[in-house]
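Architecture at a glance
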Amino acid sequence: MAGRLIDEDPQRAHEHALAASRRAGRIAVVRESVAITAYATGDYALALRELRTYRRISGNEDQIALMVDSERGVGRPDRAIEVGRAVDRNTLPVAVRVSLAIALSGARLDLGETERALAELDIPELDPDRAFEWSPALFAARAAVLEELGRDDEAAEWTRRADIAAEALDEAAGNGSDEEIFVEEIFDEEFAEDTDADVAAADEDLDAEADERVDGDAAQDDEDDYSIAAEVEELLAAADAAADAQNSTSADDEDEAR
């Protein structure tokens, strides 16, 4: 439920996550949900505490960028950089590594280290000719730093690339294409104006979208009936299953020892 609500109502999502944590506080995903929703509501101190607990329980560093941003949120950009630098980036998934670079760049900006903020973004994933899920945010971050440096023309170009990458990804998602999209030709030319046929096709798409929205609203009404208790029960069931599996493994080990 928290995941469904976080974009439209972060505070309510946070309340759901807190309710779940009171019932299943030792489950990593529950503490992660509390952290993410706390961050979304601006409670960075709570987000940090929960992120540390999540990392201790799960052993994962996949929320390291959020930890860095939370340190920034409580006014400790120096500590944010220290936290980010303590992680071996080679062990991180690519998307997490990119998010970390963006967060560290933001911390450098907080400290007034604009040139170093730009250097944080000079990573292999900064490829202007391809669009990945992380590309729009990475391009936009670079544009923001370049603007701070007074390099307005370059900033405008990276903003344009961020917009094009986002559009290419949205289009690919609608077509069910792979995440990696080649966009070099789009970057080298301006978008053509819509033709009458394009406009007519767009109108048809809008009509279809409106019909889907009506159906979606009805489905959403049903989803709203999903209770906190049901969510917590699912989490508890997952925890019980994990415990049963652990007990089964221990029993097998004892039989082999005999």
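Before any of the text, the structure's been laid out above.
A short tour of the structure in this document, coming up.

Let us look at the packing of helix H7 (residues 94-110) against helix H9 (residues 135-148). Running from N to C, H7 and H9 cross one another at 20°; their axes reach a closest spacing of 10 Å. In terms of orientation, H7 lies roughly parallel with respect to H9. In terms of crossing hand, the pair formed by H7 and H9 is left-handed. From H7, Val 98, Ile 102, Ser 105 and Leu 109 reach across to H9, where they touch Ala 137, Leu 138, Ala 141, Val 145 and Glu 148. Residues that form the contact of H7 with H9 fall into these classes: 7 nonpolar, 1 polar and 1 charged.

This part takes up the environment of Asn 60. Mapped onto the elements of the fold, Asn 60 is located in the loop between helix H4 (44-58) and helix H5 (64-73). Taking C-alpha positions, Asn 60 is 9.7 Å from Ala 28, a pair spaced 32 residues apart along the chain. Discounting chain neighbours no more than four positions away, the residues touching Asn 60 are Tyr 54 and Arg 55.

It is worth spelling out the nonpolar core at this point. In terms of nonpolar packing, the biggest core is built from 21 residues, with Leu 138, Phe 139 and Trp 158 touching the most fellow members. In terms of residue count, H9 provides more of this core than any other element does, 6 residues in total. Counting 17 residues, the second largest nonpolar core, distinct from the first, contains Ala 35, Leu 66, Ala 103 and Ala 107.

With their axes 7 Å apart at the nearest point, H5 and helix H6 (residues 77-85) run at an angle of 165° to one another. One way to sum up the angle between H5 and H6 is to call them roughly antiparallel. Note on packing geometry: the crossing formed by H5 with H6 is right-handed. For the pair H5 and H6, the contacting residues are Ile 64, Met 67, Val 68, Glu 71 and Arg 72 in the first and Pro 77, Arg 79, Ala 80, Val 83 and Gly 84 in the second. When the residues that make up the contact of H5 with H6 are grouped by side-chain class, the tally is 6 nonpolar, 1 polar and 3 charged.

Basis of the calculations
- Residues numbered from 1 in each chain as written.
- Predicted model: local features only at pLDDT ≥ 70, side-chain atom pairs only at ≥ 80, totals over all residues.
- Heavy atoms only, no water.
- Axes fitted to C-alpha atoms, helices over the stretch in contact; angles between N-to-C directions.
- Helix = DSSP H or I, 4+ residues; strand = E, 2+ residues; numbered from the N terminus.
- Parallel < 35°, antiparallel > 145°, perpendicular 65-115°, else oblique.
- Left-handed = near helix turned anticlockwise from the far one by under 90°.
- Contact = heavy atoms within 4.5 Å.
- Nonpolar A, V, L, I, M, F, W, Y, C, P; charged D, E, K, R; others polar.
- Core = buried A, V, L, I, M, F, W, Y, C linked by side-chain atoms within 4.5 Å.
- Buried < 20%, exposed > 50% of the residue type's maximum accessible area, 1.4 Å probe, protein only.

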